[in-house]
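Single-letter residue listing:
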Amino acid sequence: MLLHIRKSSLVGLALVLCGFLAACQSTQPLATSSAPGISVGITGGICPNAVISSGQQVTWTNQDSREHIVRHNPAEGTREFDSGTLLPGDSFSYTFVNAGSYNYECSEDGSMTGTITVGP
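Below you will find a few notes about this structure.

**Concerning the nonpolar core**
Working step 1: In this structure, W60, V70, F81, F96, Y104 and I116 are the most contacted members of the largest nonpolar core, which totals 19 residues.
Working step 2: Looking at this core, the elements with two or more residues in it are β1 (37-42), β2 (50-53), β3 (57-62), β5 (91-95), β6 (100-105) and β7 (113-119).

**A closer look at the sheet that holds β2**
Working step 1: With respect to topology, 4 strands assemble into an open sheet ordered β2-β7-β6-β4, the strand pairing being mixed. Edge positions in the sheet fall to β2 and β4 (71-72), since each of these pairs with one other strand and no more.
Working step 2: Looking at chain direction, β2 and β7 are connected through 4 bridges and run parallel. The residue bridging I52 from the neighbouring strand is V118, located in β7.

**Some remarks on the side chain of R71**
Working step 1: Looking at the element boundaries, R71 is found in strand β4.
Working step 2: A polar atom in the side chain of R71 sits 2.8 Å from the side chain of E105.
Working step 3: With sequence-adjacent residues up to four places away left out, R71 is seen in contact with R79, F81, D82, N103, Y104, E105, S107 and E108.

Reading the values: rules and limits
- Residues numbered from 1 in each chain as written.
- Predicted model: local features only at pLDDT ≥ 70, side-chain atom pairs only at ≥ 80, totals over all residues.
- Heavy atoms only, no water.
- Core = buried A, V, L, I, M, F, W, Y, C linked by side-chain atoms within 4.5 Å.
- Buried < 20%, exposed > 50% of the residue type's maximum accessible area, 1.4 Å probe, protein only.
- Helix = DSSP H or I, 4+ residues; strand = E, 2+ residues; numbered from the N terminus.
- Pairing = 2+ DSSP bridges.
- Polar contact = N/O pair within 3.5 Å; in protein donor to acceptor, adjacent residues only side chain to side chain.
- Contact = heavy atoms within 4.5 Å.

See the structure below:
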């Protein structure tokens with residue numbers, strides 16, 4: 001008899017906990033912050049050019065066997081993005097908000113350059 005009461009109590013407690021947990025769950029999907037965009041690879045001596053729309057994200061992946069960077073190289077003004085050192089296999093993403101032409105470099109010595117052109 002005592003065993004039957006304990007089983008009933010445990011089953012009741014489990015049902016209460018399940019109901020409580022179900023009530024706490026959100027039915028709204030969570031928003032994500034990833035912007036639509038493109039992916040490009042840095043390989044050998046290639047620092048890729050791309051044409052995108054405003055609000056799109058570019059993700060660069062170092063597909064080379066040596067370190068690279070992705071650093072905005074404006075003719076004048078402030079640098080808008082700088083990945084720091086990207087080891088082989090590392091990636092860096094930047095979302096372009098304003099239309100324009102963005103010159104950038106993929107090597108510390110500035111010998112590898114590319115352009116991201118952002119349309120409206």
